[in-house]
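# Summary of the model geometry
Letter by letter, the chains look like this.
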Amino acid sequence: MTTLLAATRPTLRDAFKHPWRSLAAILLVAVPMFLVSFFLTYDQSINNAASYPGSQVQAHYDGEGAYQLLQENLPEDFHLELFANGYPEVSFGDEEVNFFVVQSTNVQQASFPADALDVLGATIGDTVTIHGTPVEVQSISPTNILLPEGTLFSLENFSESEIFSGTWYFPGSNFTEENRQALEAVGFEVNDYRRGPISIDPNLFPSYIMGFLSTTILAVVALMLISPVFTISASRQTRTFALLASQGATPRHIRWAVLTYGLFAGLVGASIGLVLGQIGIYGWWKYTYPEFSLTTPWLVLVGFWALAIIASTIAAFLPAVFVSRSSIINGIYGGISDKIIRWSPRMLIGPIVLIAAAVIALFIGDGEWGGVVKQLCFLAAVIALPASVPAVLWALGRLPGLTFKLATRDMLRRSMHSIPAIGALAAVIMLGTFMQTTGLATQASDREATASVYPEAVFLRGDTQIPGLMGQKIDVYGDNHGFGIYELDVDFYSANYVPALTSFFGGPVIATPKLLDMFGVHEQADIYGPSTYNSGLQEYAIYPGDETYTLDTAAVLPPLYSHVLLSPETFEEIGGQTEFLGTIVLPQELDGQTVQAINRSQDAHFRHDVHDSPLASSAALTAVAIVVVSLVIVLANRKRQQHALIAIGATPGTIYKVNALNAALLALVGGVMGIVSGWIAALLSGTTDQIVDGTILEYGTLEHMMLPWPLLVSLLVVAPLVCAVIGAIASPSGRHQEASI
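Residue positions are given per chain, counted from 1 along the sequence in the order it is written. Where totals are concerned, whole chains, interfaces and linings use all residues; where local detail is concerned, this predicted model gives features only for residues with pLDDT of at least 70, and gives and counts side-chain atom pairs only at 80 or more. Computation of side-chain values covers all heavy atoms of the structure but excludes hydrogens and water.

### Comments concerning helix α3 (residues 66–73)
Going by this rule: The classification of residues rests on relative accessible area computed with a 1.4 Å probe and restricted to protein chains. Under 20% of the type maximum is buried, over 50% is exposed, and intermediate values are partly exposed. Helix numbering and strand numbering both begin at the N terminus, where a helix is a DSSP run of H or I of at least 4 residues and a strand a DSSP run of E of at least 2. The arc under discussion is defined with respect to the helix axis, by the directions toward the C-beta atoms.
By the burial criterion, the buried members of α3 are Ala66, Tyr67, Leu69 and Leu70. Down the axis, α3 shows its buried residues gathered within 165° of arc, on one side only.

Take a look at the structure:
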């Protein structure tokens, strides 16, 4: 034990002697832990504020007199609670909107979200009208409009309607199978979510594995980000560890000495992040929602705290193993154990693994297991990136130019500084490039699919008015009372699912002449379905209920439309109640103010959206991260590098150039490797259009793969230039150079 304490003492002393490096290690752990602590607590508090009852047995009744039936068919000691929610009209003065409203026993006062009050022009203390009932605004809600029990209706007079639905709960009651049968006998639908035997569906194994691999990839990248700090610390202590080894310290003691640094950084960083996250969310929550309690998921947070400490310790493991195997003689005389002086066949391991992963991903088939294999290839590529850095630096060192050779030589001979840093940057950039490229391609594919179904259209629910919105208007009629219809013999799925009109207007839609004209349909039929349906007489089911109808079907709507339109006669025949649902506007043109008004409205929506991507801000943040990491590595290395260059007679100008190029190469090599590998991974994951009988049933992403130019410029131009300038400025002055000779 005494030997172990003696071995770890130099590491802890170095941590306090170099506070900035220690701060970097601590921040790399503290910042993610702060975000986890803040946002997990925020989400838990939001869920708690939503006032969902905790009982796992629920009952629904579609009709009147539900409370009386519950009283008659359940024991007297049963405690009943009602959770009612709906989308009623909410008005104040001349302003009127539809907003989601919850009435629950757990709510203590009428609370309204800030965005609802902004739309209505109301504030705390005002009285608004909800579903014809005046309600005083008492506080700000972090979620929906929350009302105490009895505000809109009591337990005795509540019944399901087209606007409100209710769920009955039985907290603290021993709900039995006999109780279930009694309620179902009088028309209740009972759902029991109490935990039963855990079963795993074998068909879901690929999904489970892909989820695990996704988490593993993120964990590996996080460990790579932390690792450079520990490799720098370990390489600086080479002589100390060699002296300890000469005095009897075993490799295990030396490994523990380095692991102690990781444990120290993880413990301090995770603790600081957890505490600051709680302080931050407490202050913000109490300032914003003072009437609602803050709910902290302590058990989950403690789990993340422990994981952060474990991850930090694991990140120091490889440097610990490397240092523990160093030569005692070289270490005592100041030799550096991480020099890469000559070519080694082992340098090919990383590039070979990268190539193999790309080839396997290229030729593996699609499907669920194909996706698993591709994710395994992606994980292998992430791990192989740092292993490929020595080969890349060796190749760069063969290029002409003294400054170039000196810069790459220094990076190779201090590989514990350069290789982990470049590998970490490359892995992060690879992941970011892959996610941004595939994300943008998927958005473009979805927009293309949406454009194949809908024109440039704006959907307005009810009688919503948007000033400045001019164009052809199509009134939409249908049923919004929980009534529905679906074909029994359809088995079709597309990744480019385009929501139907019913997903916005809330019920089956009548096929009016204007609506059919919008879709370019001129046939007569009982029901109009997408071209993926079968034309002719088809059987349909009506819900609620178990009735079926055989209807003449015209499969003429766009193939990716996901529902049907009913002729007026069919709609009336199957029992639909005609009501005005809203309006579709085919605008002539849209100015900026009208677009903003549509985006602000709760009852308006663009059906052909143009998604904005945070690409520019992501590129800027990535460039800043690269600059910071590169400069930490360069500045930690500059003294010994200065002495080596001066010893061989380098001029001050050469030293400035070498320092500048050293910093720039760290950023540039990491950026190029990350972008190229991420781009290749994105291309290999891309899909092509699926065409059947000349009809596109699924729009691919491959043709939409485009280089993210803002990211490209920031990584390959801005970050290297900034690193080069700061690297040159950070070089010691001529006076310091002469003094060090």
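### A few points about the environment of Leu120
Definition in use: Note on contacts: a residue pair qualifies if any of its non-hydrogen atoms lie within 4.5 Å across the two residues.
With respect to the helices and strands, the residue Leu120 is situated in helix α4 (residues 114–120). Here Leu120 falls in the buried class, since its relative accessible area comes to 4%. On a C-alpha basis, the gap between Leu120 and Glu96 in space is 6.8 Å, while along the polypeptide they are 24 residues apart. Beyond its immediate sequence surroundings of up to four residues, Leu120 is in contact with Val90, Ser91, Phe92, Glu95, Val97 and Val128.

### Notes on the confidence of the model for the chain
Heads up, the condition is: A score from 0 to 100, pLDDT tells how confident the predictor is in each residue.
Summary statistics for the chain give a mean pLDDT of 78 and a share of 77% for residues scoring 70 or more. Counted against residues more than four places away or in other chains, residues 610–617, with its pLDDT under 50, gives 9 contacts. Long-range and interchain partners of residues 734–741, a stretch whose pLDDT sits below 50, account for 8 contacts in this model, where long-range means more than four residues apart.

### With respect to the side chain of Thr570
Rules: Whenever a nitrogen or oxygen atom comes within 3.5 Å of another N or O atom, the pair is scored as a polar contact, on the condition that within protein one atom can donate a hydrogen and the other can accept it, and that pairs from neighbouring residues in sequence are kept only if both atoms are in side chains.
Looking at where Thr570 falls in the secondary structure, it is placed in helix α18 (residues 568–573). Here Asp526 takes part through its backbone oxygen, which lies 3.0 Å from a polar atom of the side chain of Thr570. Setting aside residues up to four positions removed in sequence, Thr570 forms contacts with Asp526 and Leu551.

### Remarks on the packing of helix α13 (residues 368–397) against helix α21 (residues 652–685)
Let me state the cut-off plainly: In this analysis an axis means a line fitted to C-alpha atoms, helices contributing only their contacting stretch, and an angle means the value between N-to-C directions, from 0 to 180 degrees. Each crossing gets its handedness from the near helix: less than a right angle anticlockwise from the far helix is left-handed, clockwise is right-handed. Polar here means any residue other than Ala, Val, Leu, Ile, Met, Phe, Trp, Tyr, Cys and Pro, which are nonpolar, and Asp, Glu, Lys and Arg, which are charged; Gly is therefore polar.
Relative orientation of the contacting elements α13 and α21 amounts to 145°, with a least axis distance of 10 Å. Of the two elements, α13 crosses α21, and the hand of that crossing is right-handed. Touching Lys374, Phe378, Leu385, Ser388, Val389, Val392 and Leu396 of α13 are Leu665, Val669, Met673, Ser677, Ala681 and Leu684, all from α21. Considered class by class, the residues forming the contact of α13 with α21 number 10 nonpolar, 2 polar and 1 charged.

### Topic: the pairing of strand β4 (residues 95–98)
Heads up, the rule is: Note on pairing: two strands pair once DSSP finds at least 2 bridges between them.
Strand direction decides the pairing type here: strand β3 (residues 89–92) and β4, joined by 4 bridges, are antiparallel. Of the residues in β4, the one forming a bridge with Glu89 is Asn98. In this structure, the hairpin formed by β3 and β4 is closed by a connection of 2 residues, where Gly93 is found at a positive phi of approximately 65°.

### Side note on the pairing of strand β10 (residues 145–148)
The alternating pattern of β10 places Ile145 and Leu147 and Leu146 and Pro148 on opposite faces, both of which are buried. As paired strands, strand β5 (residues 101–104) and β10 are joined by 4 bridges and run parallel to one another. Looking at the pairing, Gln103 lines up with Leu147 of β10.

### Re the nonpolar core
Note the threshold: We define the nonpolar core as a collection of buried residues of types Ala, Val, Leu, Ile, Met, Phe, Trp, Tyr and Cys that are connected through side-chain atoms lying within 4.5 Å of one another.
The biggest cluster of nonpolar side chains holds 39 residues, and the ones touching the most others in it are Phe112, Ile130, Trp168, Phe170, Leu183 and Phe188. When contributions to this core are tallied by element, the ones reaching two or more residues are β1 (57–60), α3, β2 (81–86), α4, β7 (127–130), β10 and β11 (164–169). Among the elements that take part in this core, α3 stands out by supplying 4 residues, more than any other. Beyond its immediate sequence surroundings of up to four residues, Ile130 is in contact with Pro88, Glu89, Val90, Val101, Phe112, Val135, Ile145, Leu147 and Leu152. With 35 residues, the next largest nonpolar core counts Ala381, Ala427, Met673 and Ala681 among its residues.

### Here we look at the pattern of salt bridges
Note the following rule: A carboxyl oxygen of Asp or Glu within 4 Å of a side-chain nitrogen of Lys or Arg is what we treat as a salt bridge.
Evaluation of the coordinates by the stated rule reveals 2 salt bridges. The shortest N-O distance in the salt bridge between Glu177 and Arg180 comes to 3.5 Å. Note that Glu177 and Arg180 are positioned in helix α5 (residues 177–185) at a spacing of 3 residues, about one turn of the helix. Residue Glu177 is classed as partly exposed on the basis of its relative accessible area, which comes to 43%. Note that Glu184 is salt-bridged to Arg180, the shortest N-O span being 3.5 Å. You can see Glu184 and its partner Arg180 sitting in helix α5, 4 residues apart, about one turn around the helix. Assessed through its relative accessible area of 39%, Glu184 is described here as partly exposed. Take Arg180: its relative accessible area is 19%, and that puts it in the buried class. By sharing partners, the salt bridges in this structure join Glu177, Arg180 and Glu184 into a single network.

### Re the environment of Ser312
You can see Ser312 is positioned in helix α9 (residues 298–315). Each C-alpha atom of the pair Ser312 and Ala222 lies 9.4 Å from the other, and the pair is 90 residues apart in sequence.

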